[in-house]
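Examining the three-dimensional arrangement
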Amino acid sequence: MSVFSDFNFKGVKALVRVDFNVPLNEQFEVTDDNRMTAALPTIKKILADGGSVILMSHLGRPKDGPVNKYSLKHLVPHLSKLLGGNTPVLFADDCIGEQATLTAGMLRSGEVLLLENLRFYKEEEKGDKAFAEKLSKLGDVYVNDAFGTAHRAHASTAVIAEFFPKGKKMFGLLMEGEVASAEKVLHKFEKPFVAIIGGAKVSDKILIIENLLERATDIIIGGGMAYTFCKAEGGKIGSSLCEDDRLETALEILKKAEEKGVIIHLPSDSVIADKFDANANTSTAPSAAIPDGWMGLDIGVNACEQFANVIKRSKTILWNGPMGVFEMAKFQHGTKCIAQSIAEATKNGAFSLIGGGDSVAAINQFGFHDQVSYVSTGGGALLEVFEGKELPGIAAIKNG
Ligand code: AMP
């Protein structure tokens, strides 16, 4: 494996797997370009060295071959704008085949070529070797900068690496940053280490909690999933979100935590509502004594203080999942409070990693994204890293 920053791309055609799976509006304009801007440092470094860039990505989930809705051609104007307007951005309306091969072959230093959606071929998601080999012929070196899809063993994210020798495959800058920050939290953490886990379902987060029990000092559990724990402990949770088939699991997690000396913090109180609605009537109650007909939709003020104290004394912080229904103004206080506490702890020297779609959306919405150590671009990929799995996209380069 080569180190991207040390590699000189002069005269080199770099085949770069990016995650340009961005949302488009009805006019096919990009409405959130975070994933595109995240890949810019990698693209710019290759161009600055005097190389050329061949970008490959998927967009959406096309089922049966090419459809206009999922064409990457819609991204060309926005990509040109992000690159400053002077970089030629070419487009090949197929990711393999004659046109892609010819355009890639004629690509000059300083130019960018965007290939059509990889998922227009079923072979991409199947991890088809012959398809991966065809893609590999387009570039001299392979750069993987798509952390968001690193948990998939697809042709362009993992299998393709086989067709490049050791010195000609590497992570891009985004991927390097993601891997380094995840490693810092998983393996090089400083204690106290708090993991803040929220969101809707316990079932989605069991593996991550179990893996964190081996590492963390404290685990804060908030969001809808907290009520399954409260009920398991004998609390009354009204009509709050609850997975009755996970009550045993919750008890097992609490027991394991006790054995390992990990403190699990559940919200002492909740903001409750009489219906799941932005205009619901609200009140507060202990999280283990929610009246019938009411549901907990956010952590309460005491829980905010309780959690803030834990966060502020920690040296390593991992946050995945909101503390409440932060999409509705009445239930966003808890999530905002956590974001603010993480920012304060970071200012005082803690390392903080935020990951998973909703916590990233929340930290952006509340304006704390530049006051934490690292905001991951990976949702599912980051969860799998913290579940202790080796991601195919990372392994293909590290071990290949
Ligand atoms: P997840 O994708 O599992 O991280 O869950 C995120 C979703 O959980 C967000 O859309 C939140 O609105 C939702 N959520 C958080 N807290 C609650 C709660 N107390 N009751 C219902 N939904 C919640």
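Above this text is the structure in question.
Conventions and cut-offs
- Residue indices begin from 1 for each chain and proceed along its sequence in written order.
- The predicted origin of the model limits local features to residues at a pLDDT of at least 70 and limits the giving and counting of side-chain atom pairs to 80 or more, whereas totals for whole chains, interfaces and linings rest on all residues.
- Side-chain metrics rest on all non-hydrogen atoms present in the structure, leaving aside hydrogens and water.
- Each helix corresponds to a stretch of at least 4 residues labelled H or I by DSSP, and each strand to a stretch of at least 2 residues labelled E; elements are numbered beginning at the N terminus.
- The term polar contact refers here to a pair of N or O atoms within 3.5 Å; inside protein, the definition further demands a hydrogen-donor-capable atom paired with an acceptor-capable atom, and it admits residues adjacent in sequence only when both atoms are side-chain atoms.
- In this description, contact between two residues means that some pair of their heavy atoms is separated by no more than 4.5 Å.
- DSSP calls a pair of strands paired once it identifies at least 2 bridges connecting them.
- Here the axes come from fitting lines to C-alpha atoms, over the contacting stretch only for helices, and the angles between their N-to-C directions go from 0 to 180 degrees.
- Here, nonpolar core refers to any group of buried Ala, Val, Leu, Ile, Met, Phe, Trp, Tyr and Cys residues whose side-chain atoms link them within 4.5 Å.
- Relative accessibility decides the category of a residue: with a 1.4 Å probe and only protein chains considered, values under 20% of the type maximum give buried, values over 50% give exposed, and everything between is partly exposed.
- Where each domain begins and ends is defined by an automated method or by a domain database.

Looking at the side chain of Glu-124
- Here Glu-124 shows up in helix 4 (residues 122-126).
- A distance of 2.6 Å separates the side chain of Glu-124 from the side chain of Ser-156, its partner in a polar contact.
- Dropping the residues within four chain positions of it, Glu-124 is found in contact with Arg-17, Leu-118, Arg-119, Phe-131, His-154, Ala-155 and Ser-156.

Examining the sheet that holds strand 15 (residues 316-320)
- Strand order across the open sheet formed by six strands is 10-8-7-15-16-17, with parallel pairing between neighbours. Sheet topology places strand 10 (263-265) and strand 17 (374-375) at the edges, where each strand pairs with a single neighbour.
- One ladder, built from five bridges, connects strand 7 (residues 193-197) with strand 15; its direction is parallel. In the sheet register, Ile-197 faces strand 15, and the bridge partner there is Asn-320.
- Each of strand 7, strand 8 (218-221), strand 10 and strand 15 touches helix 10 (residues 301-312); the most contacted strand, strand 8, lies at about 150° to it.
- Helix 11 (residues 333-347) contacts strand 7, strand 15 and strand 16 (351-354) of the sheet and is inclined by roughly 155° relative to strand 15.

Digging into the nonpolar core
- Ranked by internal contacts, the top residues of the largest apolar core, which has 69 residues, are Leu-115, Phe-147, Leu-212, Ile-219, Ile-221, Phe-229 and Phe-386.
- Per element, the largest residue contribution to this core is six residues, and it comes from helix 6 (residues 173-186).
- The two domains that each donate at least three residues to this core are domain 1 (4-171) and domain 2 (179-386).
- Excluding its chain neighbours within four sequence positions, the residues that come into contact with Ile-219 are Ala-195, Ile-197, Ile-209, Leu-212, Leu-213, Val-262, Ile-263, Ile-264 and His-265.

Coordinates in, geometry out; function isn't part of it.
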